[in-house]
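# Topology and contacts: notes
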Amino acid sequence: MAACVIRRTLLSTVNKYNRKHAISVLNVDLNSRQTPNMTRLSCSLFNVQQKRLMSSRPEGKVLETVGVFEAPKQQGKYETGQLFLHSVFGYRGIVLFPWHARLYDRDVIPATESKPTEPPGAHRSKEVKGKTHTYYQVLIDTRDCPHISQRSQTEAVTFLANHDDSRALYAIPGLDYVSHEDILPYNSTDQVPIQHELFERFLQFNASKVPPFIPRDTLQAWQEKNHPWLELSDVHRETTENIRVTVIPFYMGMRWRYCIRLENMGEEVVQLRERHWRIFSLSGTLETVRGRGVVGREPVLSEEQPAFQYSSHVSLQAPSGHMWGSYRLERPNGTFFDVRIPPFSLESKKDDTPNGFLPGPFTSLA
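The sections below set out a description of the structure shown in this document. (Residues numbered from 1 in each chain as written. Predicted model: local features only at pLDDT ≥ 70, side-chain atom pairs only at ≥ 80, totals over all residues. Heavy atoms only, no water.)

### Some words on the environment of Ser315
Mapping Ser315 onto the fold places it in strand β20 (residues 307–315). Overall, the relative accessible area of 8% leaves Ser315 in the buried class. Expressed as a C-alpha distance, the spacing of Ser315 and Met254, which sit 61 residues apart in the sequence, is 6.5 Å. (Helix = DSSP H or I, 4+ residues; strand = E, 2+ residues; numbered from the N terminus. Buried < 20%, exposed > 50% of the residue type's maximum accessible area, 1.4 Å probe, protein only.)

### Here we look at the pattern of salt bridges
For side chains of opposite charge, pairing can occur when their charged atoms come near one another. Taken as a whole, this structure holds 14 salt bridges when the rule is applied. For Glu268, the salt bridge identified is with Arg331, shortest N-O distance 3.6 Å. Remark: Arg331 occurs in the loop between β21 (320–330) and β22 (336–347) and Glu268 occurs in the loop between β16 (255–264) and β17 (270–281); sequence separation between them is 63 residues. For Arg331, a relative accessible area of 18% puts it in the buried group. One salt bridge in this structure joins Arg273 and Glu330, with 2.7 Å as the shortest N-O distance. Taken as a pair, Arg273 in strand β17 and Glu330 in strand β21 lie far apart in primary sequence, 57 residues in all. Per residue, the accessibility class of Arg273 equals that of Glu330, and both read buried. The network of salt bridges with shared partners includes Arg273, Arg292, Glu298 and Glu330. (Salt bridge = Lys/Arg side-chain N within 4 Å of Asp/Glu carboxyl O.)

### As for the side chain of Arg143
Mapped onto the secondary structure, Arg143 falls in the loop between β7 (131–140) and α2 (145–148). A polar atom in the side chain of Arg143 sits 2.4 Å from the side chain of Asp141. Of note is the side chain of Arg143, whose polar atom sits 3.1 Å from the backbone oxygen of Pro193. (Polar contact = N/O pair within 3.5 Å; in protein donor to acceptor, adjacent residues only side chain to side chain.)

### Structural notes on the nonpolar core
Most often, soluble globular proteins keep nonpolar side chains buried together rather than apart. Core analysis: the largest hydrophobic core is formed by 31 residues, its most contacted members being Ile94, Leu96, Trp222 and Leu232. Broken down by element, this core gets its largest block of residues, six residues, from strand β6 (residues 92–105). Trp229, Leu272, Met323 and Leu346 belong to the second largest nonpolar core, which has 29 residues in total. (Core = buried A, V, L, I, M, F, W, Y, C linked by side-chain atoms within 4.5 Å.)

What follows is the structure in structure tokens.
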């Protein structure tokens, strides 16, 4: 099955089986030509005592054992050191630490209210109540990065290189934010199950612990140093005509970074053609930005490859503001429709930058 099939059916299927008797064999076929640029997953359930997770390396065709599949957690959170497969993008990863964010989901309408009728692309000003949701800072296995590069940017998480200079940024390849429901957990006896330059700097093997990978002091020091730029506080989500858009904004000194995921929840193949942004600054300026595609691409969203994720940056002429907009997508028959980008706030954190806010012109990359 493709990754999207696992996301939508595996979790409900596994829950019907007793953990002691269910086995999930997942074949991570990195050589597959049927699902280019994305790890291909397949799964089957058997009434036996063990559960195995299989994977093939890019240089070989033979499957090898990676670890034992675990039942996903319906409650609680995953701990530092938890191994997992990403249920949408299919890569192998490991949890560094959790973030507790406020999720503002515009698809959730109280039972006493009806969903208002609006033209596509309209900016809905109705207040949405947030709820606490868990996300995770994770490392991506570098062996899988080439196979997801067309679906998700593996260098999308950026930081301030110098806390005294908010204009200098750097990126760490293979770092991501993952929602709790996108985690497919497994365990392994391999003492270095994930290939990443930071794995052994941040984590160490301890067979007496569960999971057996515990944080080193360097991980805590790195988290504390970069906390203002790493922190995930608000997540915004909205679905239009089966296309879900999720936005996560981050404060970066004199600018903001925003991570966006588009996901096709339906069966029809569509392609993103244009973007339309509205950027409001509290200085009173309203800017409109239009352009082809996003980050130089016009991704196709299908059942086999349902999602695309990217990051971009924006700077304002004031310490805070708002952004919203829409994407224009094309159907196979040549017709177009607009998908809303949920509105989100851009709030500065003056106490986190010694130089305070440095005003700059509007800049929106995608």
